[in-house]
Amino acid sequence: MDKPLEGVRILDLSALLAGPYGSMVLADLGADVIKIEVPGRGDLVRTMPPHYVGETSAYFIALNRNKRGIFLNLKDEEGYRVFCEMVKRSDVVYDNYRPGVLERLGADYETLKVVNPRIISASVTGYGLTGPQKDKPALDLIIQGRGGIMSFTGEPGRPPVRLGVPMGDMGGGMFAAHGILAALYKRERTGVGQKVDVSLLDSQLYLASYRAQYYLTAGDVAEPMGTGHASAVPIGAYQCGDGKWLVLDAILDHFFESLCDALGQPEWKDDPRMKDRPTRLENREYVDAKLSEVYKTNTAAHWIERIEAHGVPCGPIQSIDEALNDPQTRSREMVVEMTHPDLGDMNTFNTPIKMEGTWGSTPSPPPLMGEHTVEVLKEMLHLSDEEIERLKARKAI
C-alpha cells in the first residue's frame, strides 16, 4: 500500500533536532528523505549521550528513521555538481542552517530555482531569514525562553521551567513539515516551487495561542499556574490518598455536576461558590481545596474509576514507561519494531498520523553514516562505479 507522500523526494541538509524532526514527519508519511551529511563527520547528534544502540545514539534514532543517508561535500566543486544534478530530480531542499550559509554554498532558493523551477526550498532557523535578530545563534532553550511560554510554565512563585521535551525545536520542525506540504499542494496548481521560511521563535509564539491573544485583547500577561487553567476551574492535577496523582478537566457545567455525583458530593451543585463556570473561576482556591479534601480520602485508582464511570474526562499521570506500555498506546501501534542490519531488532515510537499507508507500516532504521551514498547516486544519477570512485578519491562523497 502506497504511503501518502510516495514519490516525493526531499534532500535533507538539516542536522541536530529541529530540522531532522520535521523531515522525519515527512519520511514517516512516505517521502524519500535523503539525509545529506558532511563526509567523515555526519550529524553531530549521532554521538549524543547517554544511550546508544551499538555506536548509534538513541537521540539520533529518535529523529532519523525512514530516511536514506549519503555523504556529499557541497564545498567541493564536483560534490556541488552532484548536488545540483540531484536537485533537478528532487522536490524539496530542506535545511536548518543559519541565514547566509545557503548562499555561500550555492544552495539558496534563488540559485536552485534556476536549476529546477519546481524546487521547494524550506529553511528552519532560530529567528527566521529576516529581522534584526536573524543572525543570532538560537537553540531550543533560548527559543523557549524568548518565546514567552517558558515564563508561564511551572508552579506559581517558582523559577521558570523548561518544557519536558524540546518544543522550541520540535514546534519549528512540525511547522516546517506543514509549510512543505502546503508548498507541494500549491505547486500542483502553479507548476513552480517557492521558499518556505520557518522560524523557531515564530513557531513558539504561534503555539502560545490563546495566552498570546489574551494579552493582545486585554493586556493579560500570563503567569505560571501549574496544571491549572486561566479560564476555568476545576482542571489540573490532584494528589490522592495513596500519594499518586490524577488529572481531570471538569470545566463545563455538565461535567462538574457529574463530578459532584462521582465524588459523593451532590450538594456542591447548589453551593453558590460553585454553581457555574464563572463563579467557580472566581472561587478557584475554594473549589480546589474542596476537591483536594475529598481526593485525599481514597486512592487515585479508586477516584479515576468512579469519575470515568460518570463520563468526566479524567486519568492518571503516567511515567513515560507506563505511557508507552498503555494498552491504548499499543492498540494504536504507537510502539513498533524495526530491524537494523547492524544493530538488530529495536522498538521505536510510531507516527501519530493514521491513514491509508501508515496503519501497519514498519519503519526503516536510521541510516548509518553514508550508508546509501552509492545506492542513491546510481539510482538518481546513474553514475558508474568509476565515477563514484573518482568522487570518493577527491572526498566529494
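Each remark here, short or long, concerns the structure printed above.
Residues numbered from 1 in each chain as written. Predicted model: local features only at pLDDT ≥ 70, side-chain atom pairs only at ≥ 80, totals over all residues. Heavy atoms only, no water.

Section: the packing of helix 7 (residues 167-190) against helix 8 (residues 200-218)
- Between helix 7 and helix 8, the least distance of the axes is 8 Å, while the angle of their chain directions is 95°. Our classification of the angle between helix 7 and helix 8 gives roughly perpendicular. Along the contact surface, helix 7 presents Met 167, Gly 168, Asp 169, Gly 171, Gly 172 and Phe 175, while helix 8 presents Leu 200, Ser 203, Gln 204, Tyr 206 and Leu 207.
- In terms of residue class, the contact of helix 7 with helix 8 is built from five nonpolar, five polar and one charged. (Axes fitted to C-alpha atoms, helices over the stretch in contact; angles between N-to-C directions. Helix = DSSP H or I, 4+ residues; strand = E, 2+ residues; numbered from the N terminus. Parallel < 35°, antiparallel > 145°, perpendicular 65-115°, else oblique. Contact = heavy atoms within 4.5 Å. Nonpolar A, V, L, I, M, F, W, Y, C, P; charged D, E, K, R; others polar.)

Concerning the nonpolar core
- Ile 36, Leu 72, Phe 83 and Met 86 are the most contacted members of the largest nonpolar core, which totals 28 residues.
- Contributions of two or more residues to this core are made by strand 2 (32-37), helix 3 (77-88), helix 4 (101-105), helix 5 (109-115), helix 15 (373-381) and helix 16 (385-393).
- Apart from residues no more than four positions distant in its own chain, Leu 72 is found in contact with Ile 36, Glu 37, Pro 39, Gly 79, Val 82, Phe 83, Met 86, Ala 396 and Ile 397.
- Counting residues in each nonpolar core, the second largest holds 27 residues, with Ile 120, Ala 176, Ile 180 and Val 198 among its members. (Core = buried A, V, L, I, M, F, W, Y, C linked by side-chain atoms within 4.5 Å. Buried < 20%, exposed > 50% of the residue type's maximum accessible area, 1.4 Å probe, protein only.)

Looking at the layout of surface pockets
- Estimated volume of the largest pocket: approximately 990 Å³.
- Lining the largest pocket are 39 residues, and of these Leu 13, Ala 15, Leu 16, Asn 96 and Tyr 97 sit closest to its centre.
- Residue contributions to the lining of the largest pocket peak at three residues, all from strand 2.
- For the lining of the largest pocket, the per-class residue count stands at 24 nonpolar, six polar and nine charged.
- In this structure, the second largest pocket occupies an estimated 720 Å³ of space.
- Along its surface, the second largest pocket is lined by 28 residues, and Arg 65, Met 334, Thr 348, Phe 349 and Asn 350 are the ones closest to its centre. (1 Å grid on protein atoms, 1.4 Å probe; cavity = no way out; pocket = protein on both sides within 12 Å on 5 of 7 lines; lining within 4 Å. Points joined across faces, edges and corners; volume = space filled by probe spheres on them.)

Concerning helix 1 (residues 18-28)
- Of all eleven residues in helix 1, ten are buried, a share of seventy percent or more.
- Listed as buried for helix 1 are Ala 18, Gly 19, Pro 20, Tyr 21, Gly 22, Ser 23, Met 24, Leu 26, Ala 27 and Asp 28.
- Once helix 1 ends, the next one or two residues include Gly 30, with phi positive near 110°.

Remember that the coordinates give geometry; whether it matters functionally is a separate question.
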